[in-house]
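# Report on the structure
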Number of protein chains: 2
Amino acid sequence: MNDRLLRAARRQPTDTTPVWIMRQAGRYLPEYREIRAKTTFLGLCKTPDLAAEVTAQPVRRLGVDAAIIFSDILIAVEAMGLPLELNDKGPHLPSPVRSSADVDKLSVPDPELSMGFVAEAIRRARKLLDDSVPVIGFCGAPFTLAAYMVEGGGSKSYIDIKRLLFEQPKVAHRLFEKLTATLIPYLKMQVAAGAQIVQVFDSWGGELSPRDFETFSLPYVSRIVHELQATGVPVIYFGTSMSTLLPQCKRTGADVVGLDWRIEIDEGRKVLGPDVAVQGNLDPIALFLPRVELEARVDDILRRAGPLGHIFNLGHGITPPTDPDSAKALVETVHRLGAARRR
Amino acid sequence: MNDRLLRAARRQPTDTTPVWIMRQAGRYLPEYREIRAKTTFLGLCKTPDLAAEVTAQPVRRLGVDAAIIFSDILIAVEAMGLPLELNDKGPHLPSPVRSSADVDKLSVPDPELSMGFVAEAIRRARKLLDDSVPVIGFCGAPFTLAAYMVEGGGSKSYIDIKRLLFEQPKVAHRLFEKLTATLIPYLKMQVAAGAQIVQVFDSWGGELSPRDFETFSLPYVSRIVHELQATGVPVIYFGTSMSTLLPQCKRTGADVVGLDWRIEIDEGRKVLGPDVAVQGNLDPIALFLPRVELEARVDDILRRAGPLGHIFNLGHGITPPTDPDSAKALVETVHRLGAARRR
C-alpha cells in the first residue's frame, strides 16, 4: 500500500509529500455528478456501494494518496434524532436545538444500528481500492456540529450557538457531552471497518475566542483525539480561521493539525512545534491560477513546510466549478516537486 | 470636547479607555427603528437630517466616546455607477462586475456631486452633537468593496472575486485603482465636512492569504491611509479574521489597527509593536453574558491592552437582538474599569 499519508502523519520520512484534497469526492467531478444524479445527497451517503464508488473516484482520476470516505459530518446529528435536510444550498435542520428539553430529546445512538451504512461503505471502499491507498474516516467536532444543530443550518454571526454558550452554558456542555459520546464510538466503528486514519472537522471552531475555545471545544476534541489514538490510528484536527488558536490545537493532542491559507505553514509550525505534523494549505481558489503560478505556490508551500510531517491539502474544500484537470495537475505537481525537494 | 478617542488613537494618555461600538447606530436601538420605519435603509443614508439624528442617538443613550456617521460602505460603490439594493438580508448588486468592460464602465465620481449627502450629514451631526464627542468618518477598503461588486453581494467562498484576482489580475488591479481613486477624495470630503478621525473597514480582508493580501490589498489601503493622514486625522484600519495579517496591517501605516475576538490583544500588540494603537475586541455575542461575566471579560481586555493606545470596541458589529441596556452597561463598565486601572 502507498502509506505516504500515514507515514507523514507520524512524521516519518516519505519519498515525496502525500496529498489529498478536501471534498475530493464531489461535484467538480463528472463521474461523481453521474452517480449523484441517481439519488439524493443523503441517499448517496446511505448506499454503501455508491458511497464506496465515489470515494474511490478521485484516487483513480487524480492519483491522490488517500481516499476519504464519502459521507457528511451531519450524519451523526441525524442519528442523534435531529431531522436533517441536505441540498446543494447546504444543510437545513428544521427543528433546531434551543433549550434544555431539546438536548434531553437527543439520543446517543448505537453507531452500528444507526450509522452502519458508513461502516459498510468503508469496507466496500477498502475492497474497491484493494489497499492501494489508506481510507480516511471522519466526523465533525462537537462545537461545529452543535453550531449547525442550534443555528438550524449555516450561519453568519453564530449568534444562536454563542447565545447558548453564554446564556445557558450548562445546557451547552450537556449538548457537547452527548455529541462527544456519539462521536467516539462512531469514529471507532469507522476504524474497525477499515479506516486507517481519521479527521475531525471543526469548520466553525475559529469563530470562538481563545477563552471560549478552551471552555467549549478543546476538552471535547481532546477526548475524541485521545480515544481514537488508543485504537492505533493517527488523528488529524482541522478547522478554518483558527490560526490564533494553534496553541490550543496543539493541546488537543492531534497527530496532525490542518491549516487554512490564512497562515504560512512555517509560521504555523513555529507555534505547533516539532512534534505535530501539519496539513494544508493552498487556497482552494488557487486552482484557478495559470499552471505556472499554481506550481510556484505549491513549491512555496513545500519549502515552508519542509519534507517531514507534511500532508499537502487545500485550506478548505475544493469548489464545484474547479476543473478536474487542475486538481490533477496539483497532485502531480506536489508529487514531482516534493520528490525534487528530497533529493 | 471629550477627546479620549482621538488621544488614544495617537497613543496619548487618557483618564479612562475610550469606547464606541461598531454598528452602534442600528437596529438594536428602538429610537433607530422608529426613524428607520419612515424610509428605506438607503433613504436614511441619503437624508442628512435623519442620518445625523441616528448618528447622535447612541451618544445620548450609551455615552460612547465617538459618533460614527450613519452610512454604508457601499454608498461609494453606487456612486461609481453600480446599482445597489440594500435590505435587511444584506446588500444585493444586481449587475456584478466580472469583466474588463465592466470595470471600464465604472466612474470615479466627484464626491461632492454624488455623495454630498454624507458630508451634509456629518455637518449636521457635528452641530447636533455640539462638539461633545468626535465624529468618525469611514469607507470600505478596496478589496472588501471589490468583493461585494464582483460577488454581487455577500459570499461564503469568495470564489468570484478570487477568480478575478487569479485569472485576470490586471483587471483586478484596475478595479482597485478606481476604487482607491474614489475613496481618497470621498474620505477627504468627510474630513472637510467635520469628521475628526476615519476608519477603513476591510471586513473581508481576512479571506486573503498573506501573499495575496500583499499584492491585492496592502498597496491600496496604504495609499488611502497616507493620503488621509496628510489631512491631519488619525486612521483606523479594521478587518476580521486578519490576525495572521497583522504584520501587513502594521505596514498600512494606520494609527490604529482593529482586532476581532479571535486574538488576545496582548498577542496582537506583540506583532504590531509599540507605535500602533489597537481597537477592540470583545465578541459581540458576549453582550448576552450575565453582567458579572461581561465585566470580567471587559477587565481582561483592558488588562491585556494596557492603558495607552487602546480604543475599546466589539470585534465586529453589534447584533440586532442585543439589549440596549447591555450595550450601555458595556460602556459604563469600560469607563469605570478603565479609570480604576489608571489609578
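Higher on the page you've got the structure.
Everything numeric here is computed off the predicted structure, so don't read it as measured data. (Residues numbered from 1 in each chain as written. Chains lettered and ligands numbered in written order. Predicted model: local features only at pLDDT ≥ 70, side-chain atom pairs only at ≥ 80, totals over all residues.)

Attention shifts here to the relation of the copies chain B and chain A. Between the two copies of the chain lies a rotation about an axis combined with a shift along it. Turning chain B through 180° and shifting it by 0.0 Å along the axis lays it on chain A, with an RMSD of 0.0 Å. Put plainly, the chains are arranged around a two-fold axis. Looking at the rotation axis and the C-alpha trace of chain B, the residue lying nearest is Ser241 of chain B, at 3.1 Å. Mapped onto chain A, 100% of the interface residues of chain B again fall at the interface, so both copies present the same surface. (Least-squares fit on C-alpha atoms with pLDDT ≥ 70 in both. Contact = placed C-beta atoms within 7 Å.)

It is worth spelling out the sheet that holds strand β4 (residues 135-140) of chain A at this point. All names here are of chain A. What the seven strands build is an open sheet, ordered β1-β4-β5-β6-β7-β8-β9; its pairing is parallel. With one partner strand each, in any of the chains shown, β1 (67-68) and β9 (310-314) form the two edges of the open sheet. Two strands pair when backbone bridges link them, and β4 and strand β5 (residues 197-202) are joined in this way by five bridges, in the parallel orientation. From the neighbouring strand, Ile136 faces β5, where its bridge partner is Ile197. Packing of helix α12 (residues 218-229) onto the sheet brings it into contact with β5 and β6 (235-239), and relative to β6 it is tilted by some 155°. Contacts from helix α14 (residues 265-272) reach β7 (256-258) and β8 (277-282) within the one sheet, and its direction differs from that of β8 by about 155°. (Pairing = 2+ DSSP bridges. Helix = DSSP H or I, 4+ residues; strand = E, 2+ residues; numbered from the N terminus. Axes fitted to C-alpha atoms, helices over the stretch in contact; angles between N-to-C directions.)

Residue and element names in this part refer to chain B. For the pair helix α4 (residues 48-62) and helix α7 (residues 111-129), the least separation of the axes is 8 Å and the interaxial angle reads 45°. On the basis of their axis angle, the class for α4 and α7 is oblique. Both α4 and α7 take part in a crossing whose hand is right-handed. Touching Pro48, Asp49, Ala51, Ala52, Thr55, Ala56 and Val59 of α4 are Phe117, Glu120, Ala121, Arg124, Ala125, Leu128 and Leu129, all from α7. Class assignment of the residues belonging to the contact of α4 with α7 gives a composition of ten nonpolar, one polar and three charged. (Parallel < 35°, antiparallel > 145°, perpendicular 65-115°, else oblique. Left-handed = near helix turned anticlockwise from the far one by under 90°. Nonpolar A, V, L, I, M, F, W, Y, C, P; charged D, E, K, R; others polar.)

Moving on, we come to helix α8 (residues 142-151) of chain A. An α-helix turns once every 3.6 residues. As a result, residues three or four positions apart point the same way. All names here are of chain A. The element α8 is extensively covered by neighbouring structure, given that ten of its ten residues are classed as buried. Burial in α8 covers these residues: Pro142, Phe143, Thr144, Leu145, Ala146, Ala147, Tyr148, Met149, Val150 and Glu151. Just beyond α8, the residue with positive phi is Gly152, at close to 85°. (Buried ≥ 20, exposed ≤ 12 C-beta atoms within 10 Å, placed from the backbone.)

We now examine the interface of chain B and chain A. Across the boundary between the two partners, chain B contributes 22 residues, which contact 22 residues of chain A. Counting residues per element, the side of chain B that touches chain A draws most heavily on helix α9 (residues 159-167) of chain B, at five residues. Considered class by class, the residues forming the side of chain B that touches chain A number nine nonpolar, seven polar and six charged.

Residues and elements named next belong to chain B. Regarding helix α14 (residues 265-272), the residues found buried are Ile265, Gly268, Arg269 and Leu272. Angularly, the buried residues of α14 cover 100° about the axis, an arc narrow enough to put them on a single face. Here the buried face of α14 lies against α13 (246-251), β7 (256-258), β8 (277-282) and α15 (291-305). Among the residues trailing α14, Gly273 stands out with phi positive, at a value near 80°. (Arc of directions from axis to C-beta.)

Residue and element names in this part refer to chain A. Following Gly280, the chain continues into Asn281 via a peptide bond in cis, with omega recorded as -5°. Examined against the element boundaries, Asn281 turns out to sit in strand β8. Non-glycine residue Asp130 carries a positive phi angle of around 50°. Within the secondary structure, Asp130 is located in the loop between α7 (111-129) and β4. We classify Asp130 as exposed; it has 9 C-beta atoms within 10 Å. With phi around 55°, Tyr158 is a residue other than glycine that occupies positive phi space. Note on placement: Tyr158 falls in the loop between α8 and α9 (159-167). With 19 C-beta atoms counted inside 10 Å, the residue Tyr158 sits in the partly exposed group.

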